[in-house]
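This is what each chain is made of:
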Amino acid sequence: TWHLTKIPQIVSKRTFSLDNPKFEAKTKLELNSVCGIECQRKLPVPSLSDLKDLLSYETVFENGTRTLTEVNVLGLVPDPSGNTTTQRSSRKKRQIYGTDSRFSIYDKRFMTNFPFNTAVKVSTGCSGILISPKHVLTAAHCLHNGKDYVKGSKRLRVGLMRTKSRGGTRKRKGAKRSRREQGTSDGTPSFQWTRVKSTHIPKGWFKGVSGDIALDYDYAVLELKRPHKRKYMDLGISPTIKMMPGSMIHFSGFDNDRSGQLVYRFCSISDESNDLFYQYCDAEPGATGSGVYLRLKEPNKKKWKRKIIAVYSGHQWVDINGEQQDYNVAVRITPLKYAQICFWIHGNDGNCTRG
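Quick look at the structure, then.

The rules behind these values
Residues numbered from 1 in each chain as written. Predicted model: local features only at pLDDT ≥ 70, side-chain atom pairs only at ≥ 80, totals over all residues. Heavy atoms only, no water. Core = buried A, V, L, I, M, F, W, Y, C linked by side-chain atoms within 4.5 Å. Buried < 20%, exposed > 50% of the residue type's maximum accessible area, 1.4 Å probe, protein only. Contact = heavy atoms within 4.5 Å. Disulfide = S-S within 2.5 Å. Helix = DSSP H or I, 4+ residues; strand = E, 2+ residues; numbered from the N terminus. Salt bridge = Lys/Arg side-chain N within 4 Å of Asp/Glu carboxyl O. Phe/Tyr/Trp six-rings, centres within 6.5 Å; stacked < 30°, edge-to-face > 60°. Lys NZ or Arg CZ within 6 Å of the ring centre and 35° of its normal. Expected span 1.5 Å × (residues − 1). Pairing = 2+ DSSP bridges. Arc of directions from axis to C-beta.

Let us look at the nonpolar core. Core analysis: the largest hydrophobic core is formed by 65 residues, its most contacted members being Leu55, Ile131, Leu137, Tyr219 and Ile341. Setting aside anything within four residues of it in sequence, one finds isoleucine 341 in contact with Ile131, Leu137, Tyr219, Val221 and Leu235. Counting 18 residues, the second-largest nonpolar core is a separate cluster that includes Met244, Phe251, Cys267 and Val292.

Pasting the structure below:
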């Protein structure tokens, strides 16, 4: 069951202009030497002052200008447990673990309907998910390498999936119904591309508590120039592994090794910290930025509801017991991150008090 959680409030304190970014960084979908499981156990619990700094955010506009917004955090209940993780055995160095458990979605009845049609492609080579009529959630490192914005993010676009069929010509008036119109599609998605109006990235991505880029803040929200008319997926607060049916999660994206295909996976989580999931999900670059979701029952209702509970950050090398090991990692949507993302979508209003 989805449990209602009281959400702290993020409010803007002041916004000021920054120098325009250079947009010269190279897109890098696999990160090295980031703070991993062992490192996270040693990190201090962020103070309220730290959190205000980490949750302040940059906004980049389509004309290349940039602002920094400082925020206040109201109504926060501190977590006394710190950055706890569960110790598990290490794994082999692969992005596909054992038998490849991914499913390519070919049937356009699935591809063009909820929840699969909420998956989008980001022009820098990542995936994302629709979270409002005008907003997309993705990974921060798809847009920024911790020092500068990547080259492709200056004229950023988002591709909404549509299916293309064999042929491509319209039916002439009076002509017999073609095979294309009878629905004999090859199932390959094409994309309707939309320009991005602005991009929000938390300051915690640029410099985490450890002084280096922190996976905890590897998320970003893109505001589209024009709204879409598709069903989008709601945000949810990430439950602990114990509260998930079978510790299993779902996500769909556009893996690079399966070009032109939407790839779905239903897979298990092996470890967690307060901000991250470490999982056995098979995925390749290109799926980075996908929305990780669960299907649980609404409180006091028999109705099932899917909600996004994390952002897939990708295949990352992390320090464990002094050695570099690899995991597929997702960034959990905590009450604070829920408050921030909700604030980016709605602004200062009452839509973000409960998640």
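Additional details are given in the paragraphs that follow.
What follows concerns the state of the cysteines. Here the structure, examined in full by the defined rule, presents one disulfide. Covalent S-S linkage joins cysteine 126 and cysteine 142, the inter-sulfur distance amounting to 2.1 Å. An S-S torsion of about -95° defines the bridge between cysteine 126 and cysteine 142 as left-handed. Highlighted residues: cysteine 126 in strand 6 (residues 126-130) and cysteine 142 in the loop between strand 7 (135-138) and strand 8 (157-164), separated in sequence by 16 residues. In this pair, the class of cysteine 126 matches that of cysteine 142, namely buried.

Moving on to unusual backbone geometry. Its identity is not glycine, yet phenylalanine 23 carries a phi of approximately 55°, on the positive side. For phenylalanine 23, the position within the fold is in the loop between strand 1 (9-18) and helix 1 (37-42). Residue classification places phenylalanine 23 among the buried positions, given a relative accessible area of 7%.

Here we take up the pattern of salt bridges. Taken as a whole and assessed by the stated rule, the structure comprises 11 salt bridges. In this structure, the salt-bridge partner of arginine 195 is glutamate 62, at a minimum N-O distance of 3.8 Å. Highlighted residues: arginine 195 in strand 9 (residues 188-202) and glutamate 62 in the loop between strand 2 (57-61) and strand 3 (66-74), separated in sequence by 133 residues. A residue is classified by how much of its surface remains accessible, and glutamate 62, at 29% relative accessible area, is partly exposed. Three or more residues joined by partner-sharing salt bridges are found here, namely Glu62, Arg195 and Lys225.

Another point: the packing of aromatic side chains. Under the defined criterion, the tally for this structure stands at eight aromatic pairs. Measuring from centroid to centroid gives 5.9 Å for phenylalanine 23 and tyrosine 149, while their planes differ by 45°, and the two rings are tilted. Separated by 126 residues along the polypeptide, phenylalanine 23 in the loop between strand 1 and helix 1 and tyrosine 149 in the loop between strand 7 and strand 8 bring together distant segments of the chain. Side by side, phenylalanine 23 and tyrosine 149 carry an identical accessibility label, which is buried. In this structure an aromatic cluster arises from ring pairing among Tyr57, Tyr217, Tyr219, Phe343 and Trp344. Of note, arginine 157 hangs over the ring of tryptophan 193, and the distance from its end group to the ring centre comes to 4.7 Å. Over the aromatic face of tyrosine 217 sits the side chain of lysine 337, whose NZ or CZ is 5.6 Å from the ring centroid.

The first and last C-alpha atoms of helix 5 (residues 335-346) sit 16 Å apart over 12 residues, in line with the 16 Å expected at 1.5 Å per residue. Taken across its 12 residues, helix 5 has 10 buried, putting it largely inside the fold. Here helix 5 has its buried residues at Leu336, Lys337, Tyr338, Ala339, Gln340, Ile341, Cys342, Phe343, Trp344 and Ile345.

This next bit is on the environment of asparagine 274. Counting through the fold element by element, asparagine 274 comes out in the loop between strand 13 (262-272) and strand 14 (276-279). Spatially, the C-alpha atoms of asparagine 274 and serine 238 are 9.7 Å apart, while their sequence positions differ by 36 residues.

In this section: the pairing of strand 2. Side chains on a regular strand alternate between the two faces of the sheet. Within strand 2, four of the five residues are buried, which leaves the element mostly enclosed by the surrounding structure. When strand 2 meets strand 3, the two strands line up antiparallel, connected through four bridges. Within the sheet, the bridge partner assigned to glutamate 58 lies in strand 3 and is leucine 68. Counting the residues in the hairpin turn of strand 2 and strand 3 gives four residues, including glycine 64, whose phi is positive at 90°.

All right, on to helix 2 (residues 48-55) then. Inspection of helix 2 places Leu51, Leu54 and Leu55 among the buried residues, and these make up the whole buried set. The buried residues of helix 2 occupy an angular sector of 85° when projected down its axis, which confines them to one face.

Attention now moves to the environment of tyrosine 278. Counting through the fold element by element, tyrosine 278 comes out in strand 14. Tyrosine 278 gets classed as buried once you look at its relative accessible area, which sits at 0%. Distance from tyrosine 278 to glutamine 316, taken between C-alpha atoms, is 9.9 Å for residues 38 residues apart in sequence.

Right, let's talk about the pairing of strand 12 (residues 248-253) for a bit. Here strand 12 lies mainly inside the structure; five of its six residues are buried. Of the pairings in the sheet, the one linking strand 12 to strand 13 comprises six bridges and is antiparallel in character. Across the sheet, residue phenylalanine 251 finds its bridge partner in strand 13, namely arginine 265.

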